[in-house]
Amino acid sequence: MTILITAGPTREPLDPVRYLTNRSSGKMGYAIADSAAAHQHRIILISGPTEIEIPDGVDFIPVETAAEMYAAVEKYINKADIAIFAAAVADYRPAEFQDQKIKKHGDTLTLELVKNPDILGSCRDKFHFTGTLIGFAAETQNVESNARGKLERKGCDLVIANDVSRADIGFDSNENEILLVYKDQTELIEKAQKSHLAHIILDLATKLHRTS
Ligand code: PMT
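Asks: Any chance you could explain the layout of surface pockets here in plain terms?
Replies: To find the voids left in a structure, one rolls a probe of water-molecule size over its atoms. Reported here for the largest pocket is a volume of approximately 930 Å³. Lining the largest pocket are 42 residues, and of these A87, A88, V89, D91 and K150 sit closest to its centre. Contributing elements (two or more residues each) for the lining of the largest pocket: β1 (2-7), α1 (27-38), α3 (119-122), β9 (132-139), α4 (143-153) and β10 (158-163). Per-element tally for the lining of the largest pocket: the top contributor is β9, with four residues. Residue composition of the lining of the largest pocket, grouped by class: 19 nonpolar, 14 polar and nine charged.

And the structure:
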């Protein structure tokens with residue numbers, strides 16, 4: 001099978017030396033890519049900047065901004081049977097890129113941000129993807145209900161929610177604890193190494209694909 005995976009953060013440039021980003025290390029998405037490559041699937045890994053070595057045997061598409069990730073997903077998604085969105089995409093970017101370094105002036109500086117495209121949310125309506133669609137949900141409260149809202153709004157078959165208010169899991173940790181939110185049920189997978197969870201996620205994804 002061909003599996004498209006997004007991973008890592010996006011970087012939204014403000015001026016030649018500054019950008020807005022988040023704490024995603026890429027570990028969760030790369031663990032899924034490693035696991036899928038070990039099972040002989042074809043992997044298209046679309047990744048924001050990370051410190052992680054590119055897994056062997058994957059088609060690697062490096063991107064920086066949400067707009068670049070959107071364009072890469074649009075280009076490749078219909079080659080995939082399964083798409084898994086583990087990237088932490090910036091919801092907003094600076095309204096303007098300043099060509100010159102922003103100089104220090106007053107005591108405050110107000111930035112105007114504009115909305116980035118929702119990549120996962122574009123897969124069904126805009127990209128016409130009919131394969132198995134799996135999103136993540138990074139939540140700090142009401143984890144299950146927020147994840148269920150994303151499942152419905154974005155047309156996913158499964159949303160994998162993690163509580164990113166916890167320091168021991170989620171962003172940049174080697175471990176995670178995930179809540180699997182399906183259309184008709186919810187299942188908690190207790191805290192474990194991301195490499196172990198990646199095998200579980202891959203197994204579920206391929207089963208979902210076979211039964212859909
Ligand atoms: O990279 P690590 O350090 O290992 O951390 C893993 C993780 C915490 C980043 C990962 O487990 C995770 O939760 N990824 C999703 C982060 C996120 O942006 O969640 P969200 O709830 O804001 O977005 C919901 C879904 O829509 C996600 O699948 C996201 O990739 C996608 N999205 C969001 C915004 C946007 N503009 N486009 C998108 O495709």
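Asks: I keep staring at the site of the ligand and nothing clicks. Help me out?
Replies: Contacts to the ligand come from 27 residues, most closely from S24, S25, K150, N162 and D172. Between the ligand and G26 there is a distance of 2.8 Å, counted from an oxygen atom to a backbone nitrogen or oxygen. A distance of 3.0 Å is found between a nitrogen atom of the ligand and a backbone nitrogen or oxygen belonging to I119. Calculation on the ligand without its partners gives an accessible area of 770 Å², and the protein chains cover 95% of this total. Most atoms of the ligand, that is more than half of them, are within 2 Å of grid points of the largest pocket. When residues of the shell around the ligand are traced back to their parent elements, those giving at least two are α1, α3 and β9. The biggest single contributor to the shell around the ligand is β9, with four residues. For the shell around the ligand, the residue count by class is 13 nonpolar, seven polar and seven charged.

Asks: Is there a simple way to explain the packing of α1 against helix α5 (residues 194-211) in this structure?
Replies: A pair of packed helices can be characterised by two numbers: the angle between their axes and the separation between those axes. It is the contact of α1 with α5, at a shortest axis distance of 8 Å, that shows an interaxial angle of 60 degrees. Relative to α5, the element α1 lies oblique. When the axes of α1 and α5 are compared, the crossing they make is right-handed. Side by side, α1 and α5 meet where K27, M28, A31, I32, S35 and A36 of the first sit next to K194, S195, L197, A198, H199, I201 and L202 of the second.

Asks: When you look at the pattern of salt bridges in this model, what are you seeing that I'm missing?
Replies: Pairing between side chains of opposite charge can happen when their charged atoms approach one another. Under the definition given, this model contains 13 salt bridges. E139 serves as the salt-bridge partner of K150, at 2.7 Å between the closest nitrogen and oxygen. Of the two residues, K150 sits in helix α4 while E139 sits in strand β9, which places them eleven residues apart along the sequence. E177 is the salt-bridge partner of R166, the closest N and O atoms lying 3.4 Å from each other. Taken as a pair, R166 in the loop between β10 and β11 (175-182) and E177 in strand β11 lie far apart in primary sequence, eleven residues in all.

Asks: How should α5 be read in this particular structure?
Replies: Counted at 1.5 Å a residue, the expected span for α5 with its 18 residues is 26 Å, and the 25 Å between its end C-alpha atoms agrees. All buried positions along α5 are accounted for by K194, L197, A198, I201, L202, L204, A205, T206 and L208.

Asks: Would you take a moment to explain the sheet that holds β11 for this structure?
Replies: Two strands in a sheet stick together by hydrogen bonds in their backbones, pointing the same way (parallel) or opposite ways (antiparallel). Across the sheet, eight strands lie side by side as β5-β4-β1-β6-β9-β10-β11-β12; this open sheet has mixed pairing. With one partner strand each, in any of the chains shown, β5 (58-62) and β12 (186-193) form the two edges of the open sheet. Sheet twist, expressed as the average angle between the axes of neighbouring strands with direction ignored, equals 20 degrees. Direction of pairing for β11 relative to β12: antiparallel, over a ladder of six bridges. Looking across to β12, one finds that V181 is bridged to T186. Each of β1, β6 (82-85), β9, β10, β11 and β12 touches α5; the most contacted strand, β12, lies at about 145 degrees to it.

About the criteria used
- Residues numbered from 1 in each chain as written.
- Predicted model: local features only at pLDDT ≥ 70, side-chain atom pairs only at ≥ 80, totals over all residues.
- Heavy atoms only, no water.
- 1 Å grid on protein atoms, 1.4 Å probe; cavity = no way out; pocket = protein on both sides within 12 Å on 5 of 7 lines; lining within 4 Å.
- Points joined across faces, edges and corners; volume = space filled by probe spheres on them.
- Helix = DSSP H or I, 4+ residues; strand = E, 2+ residues; numbered from the N terminus.
- Nonpolar A, V, L, I, M, F, W, Y, C, P; charged D, E, K, R; others polar.
- Near = heavy atom within 4 Å.
- Polar contact = N/O pair within 3.5 Å; in protein donor to acceptor, adjacent residues only side chain to side chain.
- Areas by Shrake-Rupley, 256 points an atom, 1.4 Å probe, with all protein chains shown as cover.
- Sits in = over half its atoms within 2 Å of the grid points.
- Axes fitted to C-alpha atoms, helices over the stretch in contact; angles between N-to-C directions.
- Parallel < 35°, antiparallel > 145°, perpendicular 65-115°, else oblique.
- Left-handed = near helix turned anticlockwise from the far one by under 90°.
- Contact = heavy atoms within 4.5 Å.
- Salt bridge = Lys/Arg side-chain N within 4 Å of Asp/Glu carboxyl O.
- Expected span 1.5 Å × (residues − 1).
- Buried < 20%, exposed > 50% of the residue type's maximum accessible area, 1.4 Å probe, protein only.
- Pairing = 2+ DSSP bridges.

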